Amino acid sequence: MANAEQMTAGDVRLMQGLAQRVTAARPDLVNSDASYGELAWNWGKGHAGDRASWRRRMWFSGEDLVAWGWIHLPRRVRRNDGSVHNITGAYLAYQVHPDHAGLVDEVIDWYDHAAAGIERTVLPGAADEYALQRWAAHGYGTDPAGLGDKGTWTQLNQRDLADLEEPALPDGFRFRTADEAGPEAAVQAHLDAWKPSAYTAESYQGVRRTAAYRGDLHILVEAPEGTMAASTIMWLDEANKSAEFEPVGTHPDYRRRGLARAMLLHGMRQAREAGATHATVACLGAPGHPQARGLYYSVGFQELSRDVPLLKTPRTG
């Protein structure tokens, strides 16, 4: 067992290794924010501004990592439009290997101790019946807001890469990679798609530091006048021959032109050339968030799994 106040890129590698093993055995048990690509993306983009509020703990069996927890404590997030977002509760990302399911109680106890006195949220997988029972036994209940029409729960979608439609961009648009376009263009593409955002050049440096990042699998769509109108990063899990899209975004001025759809199809073709046979992408699953889900369904993705938003308030323990 090992503990640290700050999480390192090396820790991410270990966590990704567990994600690969769980994916190989039970992909429906990969928790929200615990997939191979999400781990790299979340650590990379947040390491510069959020790491002081992170806590992590790992559980080992011999030399193998079999469980981990990553707490995001309350913090102030400064965004590129000058606004400040105050996060007052705690959130836990975690993963437990199904062969060591009993460790979930230790993960919960650690979370309750580290985040005592504040609201706590977590997103276990809906397929993990044992974990859901244990969270309930520790006083966690379903989050009414999270399950509402505009709820925050996510679903993971998948498809194979055997039969891919030819991507079609509007006249004058073209595909680029981050290697070709450069860091400044890659950062601006993200900022344009996700306003307001806490993403910075330093965030992107962190993303590029992760072992899973490949600039040739960071795809952008360039508009005729040079604006990067859409972008996505694909995370290639070579052990499982799978590519994960995270994030996927389009500049507001270029939406509803088929750019994201073409970019996904092009990305899947690139991932297939890199050795992938399978692709995944996550989206908000609540009825009030149909846009991304409809986009992914339109290029052949189907739901694989979903998570369950749970909440524990200070007054309940």
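Residues numbered from 1 in each chain as written. Predicted model: local features only at pLDDT ≥ 70, side-chain atom pairs only at ≥ 80, totals over all residues. Heavy atoms only, no water.

A look at the pairing of strand β2 (residues 54-61)
Stage number 1. In this structure, β2 lies alongside strand β3 (residues 64-72), joined through 8 bridges in antiparallel fashion. By the bridge assignment for β3, S61 is matched with D64.
Stage number 2. Joining the antiparallel neighbours β2 and β3 is a turn of 2 residues, in which G62 adopts a positive phi near 65°. (Pairing = 2+ DSSP bridges. Helix = DSSP H or I, 4+ residues; strand = E, 2+ residues; numbered from the N terminus.)

Topic: the packing of aromatic side chains
Here the distance between the centres and the angle between the planes together describe a pair of aromatic rings.
Stage number 1. In total, this model carries 12 aromatic pairs according to the counting rule given.
Stage number 2. Relative to Y254, the ring of F173 has its centre 6.1 Å away and its plane inclined at 80°; by these criteria the two rings are edge-to-face. Residue F173 is found in the loop between β9 (154-160) and β10 (174-177), and its partner Y254 is found in the loop between β13 (242-250) and α8 (259-273); the two are separated by 81 residues along the sequence.
Stage number 3. With relative accessibility at 12%, the residue F173 sits in the buried group. (Phe/Tyr/Trp six-rings, centres within 6.5 Å; stacked < 30°, edge-to-face > 60°. Buried < 20%, exposed > 50% of the residue type's maximum accessible area, 1.4 Å probe, protein only.)

A closer look at the pairing of strand β6 (residues 90-96)
Stage number 1. Taken across its 7 residues, β6 has 7 buried, putting it largely inside the fold.
Stage number 2. Burial along β6 is two-sided: A90, L92, Y94 and V96 facing one way and Y91, A93 and Q95 facing the other are all buried.
Stage number 3. Judged from the 6 bridges that link them, β3 and β6 form a sheet pairing that is antiparallel. Across the sheet, I71 pairs through a bridge with L92, a residue of β6.
Stage number 4. Sheet topology note: the β6/strand β7 (residues 120-122) ladder contains 3 bridges and is parallel. Considered in β7, the bridge of Y91 is made with T121.

A look at the nonpolar core
Stage number 1. Counting 28 residues, the largest nonpolar core has F245, M268 and F301 as its most contacted members.
Stage number 2. Breaking this core down by element, the ones donating at least two residues are β11 (218-222), β12 (228-237), β13, α8 and β14 (278-284).
Stage number 3. In terms of residue count, α8 provides more of this core than any other element does, 6 residues in total.
Stage number 4. Residues in contact with F245, not counting those within four places in the same chain, are T232, I233, M234, L264, G267, M268, A279, T280, V281 and F301.
Stage number 5. V96, I108, W110 and A131 belong to the second largest nonpolar core, which has 22 residues in total. (Core = buried A, V, L, I, M, F, W, Y, C linked by side-chain atoms within 4.5 Å. Contact = heavy atoms within 4.5 Å.)

A few points about the environment of G226
Stage number 1. Its place among the elements puts G226 in the loop between β11 and β12.
Stage number 2. Each C-alpha atom of the pair G226 and G141 lies 49 Å from the other, and the pair is 85 residues apart in sequence.

Things to note about the side chain of H138
Stage number 1. Looking at the element boundaries, H138 is found in the loop between α4 (129-137) and β8 (141-142).
Stage number 2. Residue class for H138 comes out buried when judged on its relative accessible area of 17%.
Stage number 3. When sequence neighbours within four positions are dropped, the list of residues in contact with H138 reads D105, I108, D109, D112 and K312.

A short note on the domain arrangement of the protein
Much of the literature gives interface size as the accessible area that the parts lose upon coming together.
Stage number 1. Here the domain parsing of the protein yields domain 1 (9-150 + 308-312) and domain 2 (159-305).
Stage number 2. The largest share of the area that domain 1 buries against domain 2 comes from Y36, W41 and N80, three residues that together contribute 26% of it.
Stage number 3. Applying the counting criterion to the domain 1 and domain 2 interface returns 0 salt bridges.
Stage number 4. Those elements giving two or more residues to the side of domain 1 that touches domain 2 turn out to be α1 (9-25), α2 (36-46) and β4 (75-78).
Stage number 5. Considering each element in turn, the side of domain 1 that touches domain 2 owes the most residues, 8 residues, to α2.
Stage number 6. Grouping the amino acids of the side of domain 1 that touches domain 2 by side-chain chemistry returns 8 nonpolar, 9 polar and 9 charged. (Domains from an automatic or database assignment. Buried area = accessible area lost by both parts, 1.4 Å probe. Salt bridge = Lys/Arg side-chain N within 4 Å of Asp/Glu carboxyl O. Nonpolar A, V, L, I, M, F, W, Y, C, P; charged D, E, K, R; others polar.)

Regarding the pattern of salt bridges
Stage number 1. Taken as a whole and judged by the stated rule, the model has 13 salt bridges.
Stage number 2. As a salt-bridge pair, D28 and R26 come within 2.8 Å of each other at their nearest N and O atoms.
Stage number 3. Members of the salt-bridge network, linked through shared partners, are R174, R176, E180 and E222.

What to know about unusual backbone geometry
Excluding glycine, residues mostly have negative phi values, and the peptide bonds linking residues are mostly trans.
Stage number 1. Cis peptide bonds are those with omega within 30 degrees of zero, and the linkage from K195 to P196 qualifies with -15°.
Stage number 2. As for its position among the elements, P196 is in the loop between α6 (183-193) and α7 (201-209).
Stage number 3. Phi is positive for D33, close to 70°, though the residue is something other than glycine.
Stage number 4. Here D33 lies in the loop between α1 and α2.
Stage number 5. In this structure D33 comes out as partly exposed when scored by relative accessible area, which is 22%.
Stage number 6. The phi dihedral of K241 falls on the positive side, at around 50°, and the residue is not glycine.
Stage number 7. K241 gets classed as partly exposed once you look at its relative accessible area, which sits at 47%.

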